[in-house]
Amino acid sequence: MMTRRKFIDTVAVGAASFAVTSNAKSYSQIVGSNERLNFAIAGLNSRGYAHLAGMRANKTAARVSHVCDVDSAILQKFAGKTQQLMGEAPIAEKDFRKILEHKDVDVITIATPDHWHAPMAIAALQAGKHVYLEKPCSHNPAEGEMLIAAQQKYQKLVQMGTQQRSSPHTIEVIAKIHAGAIGKAYYAKAWYSNTRQSIGIGREAPVPAQLDWDLWQGPAPRRPYKDNLHPYNWHWFKHWGTGETLNNGTHEVDVCRWALAVDYPKRVTASGGRYQFQDDWQFYDTLNTSFEYDDAMLSWEGKSCNGMKVYGRDRGASIMGTTGSVIVDRDGYEIYDLGGEKVSEVKAGSQTSSGDLVGADSMTDLHFTNFIAGIRKGEKLNAPIVVGNVAVTMLQLSNIAWEVQRELHLDSRDGKIQNDGEAMKLWSREYEAGWAPHV
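Residues numbered from 1 in each chain as written. Predicted model: local features only at pLDDT ≥ 70, side-chain atom pairs only at ≥ 80, totals over all residues. Heavy atoms only, no water.

### Description of the overall build of the protein
- The helix and strand tally for the protein stands at 13 helices and 15 strands.
- Here the protein holds 439 residues, and the buried ones make up 58% of them.
- Taking contacts inside the protein between residues at least 6 apart in sequence as the whole, the part at least 24 apart equals 72%.
- Approximately 17,500 Å² of the protein is accessible, and the part contributed by carbon and sulfur atoms is 50%. (Helix = DSSP H or I, 4+ residues; strand = E, 2+ residues; numbered from the N terminus. Buried < 20%, exposed > 50% of the residue type's maximum accessible area, 1.4 Å probe, protein only. Contact = heavy atoms within 4.5 Å. Areas by Shrake-Rupley, 256 points an atom, 1.4 Å probe, with all protein chains shown as cover.)

### Structural notes on the packing of aromatic side chains
- Scanning the model with the defined rule gives 18 aromatic pairs in all.
- Chaining the aromatic ring pairs together yields one cluster made of Trp213, Trp216, Tyr225, Phe237 and Trp240.
- Across the ring face of Trp258, the terminal group of Arg165 is positioned such that the distance to the ring centre comes to 4.4 Å.
- The positively charged end of Arg429 is found above the aromatic ring belonging to Tyr431, 6.0 Å away from the centroid. (Phe/Tyr/Trp six-rings, centres within 6.5 Å; stacked < 30°, edge-to-face > 60°. Lys NZ or Arg CZ within 6 Å of the ring centre and 35° of its normal.)

### Digging into unusual backbone geometry
- For the bond running from Lys135 to Pro136, omega is -10°, close enough to zero to count as cis.
- The topology assignment puts Pro136 in the loop between strand 5 (130-133) and helix 7 (141-154).
- In this structure, the amide linkage connecting His230 to the following residue, Pro231, adopts the cis form with an omega of 15°.
- Checked against the element boundaries, Pro231 lands in the loop between helix 9 (213-217) and helix 10 (243-260).
- The phi angle at Asn419 is positive, at roughly 55°, despite the residue not being glycine.
- Relative to the assigned elements, Asn419 resides in the loop between strand 15 (408-409) and helix 13 (421-424).
- Under the relative-accessibility criterion, Asn419 is labelled exposed at 83%.

### Comments concerning a positive patch on the surface
- Together, Arg56, Lys59, Lys77 and Lys81 make up a positively charged patch on the protein surface.
- On the secondary structure map, Lys77 appears in helix 4 (residues 72-86).
- With a relative accessible area of 61%, Lys77 lands in the exposed category. (Patch = residues over 30% accessible without salt bridge, like charges linked within 9 Å, V, L, I, M, F, W, Y side chains within 5 Å. Salt bridge = Lys/Arg side-chain N within 4 Å of Asp/Glu carboxyl O. Lys, Arg positive; Asp, Glu negative; His and termini not counted. Charge placed at Lys NZ, Arg CZ, Asp CG, Glu CD.)

### Some remarks on the pattern of salt bridges
- In the structure shown here, the tally under the stated rule is 31 salt bridges.
- Residues Glu145 and Lys416 are paired through a salt bridge, measuring 3.3 Å at the closest nitrogen-oxygen approach. Note that Glu145 is positioned in helix 7 and Lys416 in the loop between strand 15 and helix 13, a separation of 271 residues in sequence.
- On the basis of relative accessibility, which here comes to 34%, the residue Glu145 falls in the partly exposed class.

### Comments concerning the nonpolar core
- If you look at the biggest cluster of nonpolar residues, it comprises 91 residues, and the most contacted ones within it are Ile108, Val131, Leu298, Ile319 and Leu408.
- The dominant element in this core, judged by the number of residues it contributes, is helix 12 (residues 385-404), at 13 residues.
- Residues contacting Ile108, with those up to four places away along its chain left out, are Ala40, Ala42, Leu100, Met120, Ala124, Lys129, His130, Val131 and Tyr132.
- Of all hydrophobic cores here, the second largest spans 24 residues; its members include Ile41, Ala61, Leu75 and Phe371. (Core = buried A, V, L, I, M, F, W, Y, C linked by side-chain atoms within 4.5 Å.)

### Description of helix 7
- Relative to the 20 Å expected for 14 residues at 1.5 Å per residue, helix 7 spans 20 Å between its end C-alpha atoms, a close match to the ideal helical length.
- Looking at helix 7, one finds that the buried residues are Pro141, Ala142, Glu143, Gly144, Leu147, Ile148, Ala150 and Gln151.
- Where helix 7 is buried, its residues touch helix 6 (114-126), strand 5, strand 6 (158-160) and helix 12.
- At the exit of helix 7 stands Gln155, carrying a positive phi of roughly 55°. (Expected span 1.5 Å × (residues − 1).)

Structure, rendered in structure tokens:
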């Protein structure tokens, strides 16, 4: 029996053909086809530049009217780059709430630290904005649930930034897998390798003059500023980040579950640790996770501090079936027979690297093209939040399994942890007073 999410995933495979939906309700939200959408980009240090590149690639349909960051130095640098690339100066704001007050802003794109993703997206939906949201779409599973509820309540579009969903060669090979190119697909492995350096031992320090530390923390309970947090190393602290699993694993695990046509597993196990350095990094640098289904299995291998490649690739996914296998990454795919002999290959272009922290590429440009067409023409999104949230929740469950050091048994309908109150406490988080998101 095909579940609702599996149906959505199957439809998304065909979205590369840019079919236009005839749903009358969706048309009530559609902007005139000749109007350019006003985009506000929030979170400007690294991935924000990929958003800007996506806007430039879709310049005839979109303009960057506002940019937002709590660090004034980052904000001004990005505003200047926006003017250079887009031909007009955006309005620069430190506080995203001021942007939400602007009625002329149609869309907000979010590339902030993880703890801000869902709360900012929910606030944007409540203000009547469409949202392009980087992965992970939430800091914890409860936020993912709230975000889906908000999208359904306010009926604006939310596209999650798993841009490989808009990659033509990935769409193509997933369709081949679903059509039986490797028989019945039953095992998928996702991996990521990098050579990240130590973040050292941070010391409490005065907040840099250009940084609004209170607004940076936002919904997270207040902590003193330390000199090894901003602008990137927050990823490795549980209070704000979600570790390498959500930082990069989301992409490949999403491809794997798409290929297997599965949703939430029934069991999750995770093991790993911080082995390479002794520093403030609170997550693992090496992790292996298994997600088990009734008739399939999915695994994730994350190596943050050792660049040993898998199948000669920094990152990617392998899918094994009863008659063959597929290896797919951002640069193309290969199909093998049951004995491991290559039978076909597609190359997509230049080689990508896990060391690239911006990730501006044609996939991201196409992901924005799809999102804009969804708003303007009613095109089906390739990564609507109801689809994107599944892989995010799965990997948050991986983090929880690692935290409590035991196997988790799940309700495969929604991913909820069964018969483990201690683990279920990690389903949500505490918020700074007055900052908790709500729907």
